[in-house]
Amino acid sequence: MNNLCARLKNFHNGNDFKAYELFGCHYSDGGKYVFRVWAPRAASVHLNGIFSESEKTFPMQKLCDNESWEVEVFAKVGDKYAFIIETADGRKLFKSDPYAFKSDLPISKYSVVCDLPDFAGSDRLREPHRYDLPVNIYEVNLLSWKRHLDGSYYSYKELAGELVPYVKSMGYTHVEFMPVTEYPFDGSWGYQVTGYFSVTSRLGSPDEFKMLVDAFHSAGIGVILDWVPAHFPKDAWGLYEFDGQPLYECPLWDRMEHYGWGTRRFDYGKYEIDNFLLSSACFFLAVYGIDGLRVDAVASMIYLNYDRADGDFTPNIYGGCENLEGIAFLKKFNSAIKSEFPAAVTVAEESTAFPKVTGKVSDGGLGFDYKWNMGWMNDVLFYCRQDPYFRNYHHDKMTFSLVYAFSERFILPVSHDEVVHVKGSLVNKMSGEYADKFAGERLFLAFMYAHPGKKLNFMGYEVAQFKEWDYNSGVDFFLADEYEMHSKMCAFVKALNKIYSKHESLYSVDFDWNGFEWLVVDDKFNNLFAFARTGKNGEKIIAVMNFSGVDLIKYSVSTENAKYKLILNTDDREYGGSGKLRKKTFNSVKRTDGSGGYAIAVNVPRLSCLYFIKEK
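Below you will find a few notes about this structure. These numbers were taken from a predicted model, which means no experiment stands behind them.

## Observations concerning the overall build of the protein chain
Okay, step 1: What the protein chain contains, in helices and strands, is 13 helices and 31 strands.
Okay, step 2: Its C-alpha radius of gyration of 27 Å places the protein chain within 12% of the 25 Å reference for a compact globule of 616 residues.
Okay, step 3: Taking the principal axes of its C-alpha atoms as reference, the protein chain extends roughly 90 × 55 × 45 Å.
Okay, step 4: When each of the 616 residues of the protein chain is scored for burial, the buried share is 61%.
Okay, step 5: A sequence separation of at least 24 residues applies to 70% of the contacts in the protein chain between residues at least 6 apart.
Okay, step 6: With the model as given, the accessible surface of the protein chain reaches about 23,900 Å², and the carbon-plus-sulfur share is 51%.
Okay, step 7: Positive and negative side-chain charges of the protein chain, numbering 69 and 81 respectively, have mean locations separated by a distance of 6 Å.

Quick look at the structure:
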């Protein structure tokens, strides 16, 4: 009991990042399980469930902190349970277990007695994360990557057999799962979470989910989990007003609700809530052995006026709009993760100019490894939507990112959010008729992969799927089997991924000017851009991109005095292009403009990108 009281004290002091070992359901001894729940303002709490196929209810007793409740009963794996919480005003609330390792959704609202998979250990996450390695992420919704003919889901086990070898063969370094933490509403895509310690039972058991993660690791692929600490839904049986009053949510009028999402905000700064969320993060790293967390909606956590009109929020104690408690929580989150799992990657979905998102906590930063570059994504996709004839009016959309490219460590994202809600699929965002759309996607991707920053693309782009993502159906993989241009797009993405991972110049110096040099930056008349990427090993690749609608003949690009070999041509016939450019090696010649420099003269086909590597 003394150990339990000490553990509860740590929980209330904000120092227990493994609270999942304390609360929830755990095997005790002799066929008994102990159930604990934090409900400080409850008048009484009962354990209710289906034990040995019959419904039973057991009164729970208060623990030494006078806020938590416990009962020990005979149970077995697979039994279902919940808590009946009597509120101070006499209401009785049916609540699932906030710390449950498994849920009964979508069948019922009960939690499920479940033993965890064997502890994954953290040895593979001991060495600090390296920023000079390739990061090329395939973002996937596990429930809609593929579906069976009858519309049913692929299970975790089936995904291990099909998704893993697919991601490996395509040449990605990482996979990112959209939220798999349990959620009730399919239309939320997993972003309205009710089970912060349970993977969705729609696809199988916790053991089978761990099998999927292990399969990716065996294939040499890192696993990043989309994690949602910004808000939670208002389902009556979930975290919502858990003991009859706001508990997990902030009780203040202007910090309780996310109006736009119809959800509740967590009460950052309350130690027990910090522990709940941090324990969830550590749980997936420790138990399932995932490699990192992408934190959703960070902007909504750091601003009090997020999605609110002026006057609809109370400024912080300094008169500003920053959520000081939310900021402190994010710093605490990254400090805790890096302390326990130094190699674990943390990524912020953050869309504002908030400073030092990837700065060290010790230097006043939030401590993330990477931040999504939403500005780059919006600017470049806007440019690609324009008819080539008018692109010269928007030249700065393509160059502006280099003004701030090294202010943070960025990931360039083309995520699920960009291919829904009538925004169009990636290939459909491109200007022009059928063939030009494919050329445009190849050009966009080659520009993306040469641009400083790590990469993320959402499933379906690799087969140039024309329809938007639909969470109720799978990717149109049949396109690559039945239609030549879609098959060639898939071959192009595969080749581009492998070029990226093979050439250090494309990834090893992503976050400072030593890895990047503009060669052609202001030729808006020809819609052409050219720059050099240099790796830590001295390797240099020159990328030349023609976003115009006409071929450019003998275009001069400044280089060193050397020979250059063409290693990628997005206009190659094998990728669906015209195949106009056949020359493979180019010798630089002295410029005739009196500058004393050297250049290569190259024919650059319309809507194409060329990669040249400097030969040693």
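## A short note on the nonpolar core
Okay, step 1: Of all hydrophobic cores here, the largest spans 172 residues; its most connected members are Phe35, Leu142, Phe177, Tyr248, Phe444 and Tyr611.
Okay, step 2: If you look at the next biggest cluster of nonpolar residues, it comprises 19 residues, including Tyr555, Leu566, Leu581 and Val602.

## Remarks on the sheet that holds strand β15 (residues 231–232)
By definition, the strands of a sheet pair up through backbone hydrogen bonds, in either a parallel or an antiparallel sense.
Okay, step 1: Taken in spatial order, the three strands of this open sheet run β15-β17-β16, and their pairing is antiparallel. Every interior strand has two partners, whereas the edge strands, β15 and β16 (257–258), have only one.
Okay, step 2: By the bridge criterion, two bridges tie β16 to strand β17 (residues 263–265) in an arrangement that is antiparallel. Counterpart to glutamate 257 in the pairing with β17 is arginine 264.

## Considerations on helix α4 (residues 271–286)
Okay, step 1: Compared with an ideal rise of 1.5 Å per residue, which puts 16 residues at 22 Å, α4 spans 21 Å between its outermost C-alpha atoms and is within 8% of the ideal.
Okay, step 2: With 15 of 16 residues buried, α4 lies mostly within the body of the structure.

## Examining the layout of surface pockets
Okay, step 1: The volume enclosed by the largest pocket comes to roughly 450 Å³.
Okay, step 2: Tallying contributions element by element places helix α5 (residues 298–302) first for the lining of the largest pocket, with three residues.
Okay, step 3: Of the residues that constitute the lining of the largest pocket, the class distribution is nine nonpolar, eight polar and five charged.

## Considerations on the packing of helix α7 (residues 374–385) against helix α11 (residues 434–450)
The relative placement of two packed helices is expressed as an angle between their axes plus a distance between the axes.
Okay, step 1: As a packed pair, α7 and α11 sit with axes 11 Å apart at the nearest point and diverge in direction by 150°. Compared by their axis directions, α7 and α11 come out roughly antiparallel. For the crossing formed where α7 meets α11, the hand is right-handed. Here Trp376, Val380, Leu381 and Cys384 of α7 lie close against α11, whose contacting residues are Phe444, Phe447 and Met448.

## Focus on the pattern of salt bridges
Okay, step 1: Overall, the coordinates contain 35 salt bridges when judged by the stated rule.
Okay, step 2: Salt-bridge contacts for lysine 270 lead to aspartate 267; the nearest nitrogen and oxygen are separated by 3.7 Å.
Okay, step 3: A relative accessible area of 12% places aspartate 267 in the buried class.
Okay, step 4: Of the charged contacts, one joins aspartate 476 and lysine 467 as a salt bridge, the two residues approaching to 3.6 Å between their closest N and O atoms.
Okay, step 5: On the basis of relative accessibility, which here comes to 15%, the residue aspartate 476 falls in the buried class.
Okay, step 6: Among the ionic contacts, a cluster of salt bridges with common partners joins Lys234, Glu241, Glu249, Glu257 and Arg264.

## Describing helix α1 (residues 2–12)
Okay, step 1: Leu4, Leu8, Phe11 and His12 are the residues of α1 that are buried. Within α1, the buried residues cover an arc of 90° as seen down the axis, which keeps them to one side. Exposed residues on α1 whose side chains face more than 90 degrees from its buried face are Asn2, Asn3 and Lys9.
Okay, step 2: Elements that come into contact with the buried residues of α1 comprise β2 (32–38), β6 (68–74) and α4.

## Overview of the state of the cysteines
Okay, step 1: Summed over the entire model, instances satisfying the criterion amount to one disulfide.
Okay, step 2: Sulfur of cysteine 114: no disulfide; nearest cysteine sulfur belongs to cysteine 25 and is 8.6 Å away.
Okay, step 3: Overall, the relative accessible area of 9% leaves cysteine 114 in the buried class.
Okay, step 4: The thiol of cysteine 609 is not disulfide-bonded; the next cysteine sulfur, from cysteine 384, is found 12 Å away.

Criteria and thresholds
Residues numbered from 1 in each chain as written. Predicted model: local features only at pLDDT ≥ 70, side-chain atom pairs only at ≥ 80, totals over all residues. Heavy atoms only, no water. Helix = DSSP H or I, 4+ residues; strand = E, 2+ residues; numbered from the N terminus. Rg over C-alpha atoms; globule rule 2.2 N^0.38 Å. Buried < 20%, exposed > 50% of the residue type's maximum accessible area, 1.4 Å probe, protein only. Contact = heavy atoms within 4.5 Å. Areas by Shrake-Rupley, 256 points an atom, 1.4 Å probe, with all protein chains shown as cover. Lys, Arg positive; Asp, Glu negative; His and termini not counted. Charge placed at Lys NZ, Arg CZ, Asp CG, Glu CD. Core = buried A, V, L, I, M, F, W, Y, C linked by side-chain atoms within 4.5 Å. Pairing = 2+ DSSP bridges. Expected span 1.5 Å × (residues − 1). 1 Å grid on protein atoms, 1.4 Å probe; cavity = no way out; pocket = protein on both sides within 12 Å on 5 of 7 lines; lining within 4 Å. Points joined across faces, edges and corners; volume = space filled by probe spheres on them. Nonpolar A, V, L, I, M, F, W, Y, C, P; charged D, E, K, R; others polar. Axes fitted to C-alpha atoms, helices over the stretch in contact; angles between N-to-C directions. Parallel < 35°, antiparallel > 145°, perpendicular 65-115°, else oblique. Left-handed = near helix turned anticlockwise from the far one by under 90°. Salt bridge = Lys/Arg side-chain N within 4 Å of Asp/Glu carboxyl O. Arc of directions from axis to C-beta. Disulfide = S-S within 2.5 Å.

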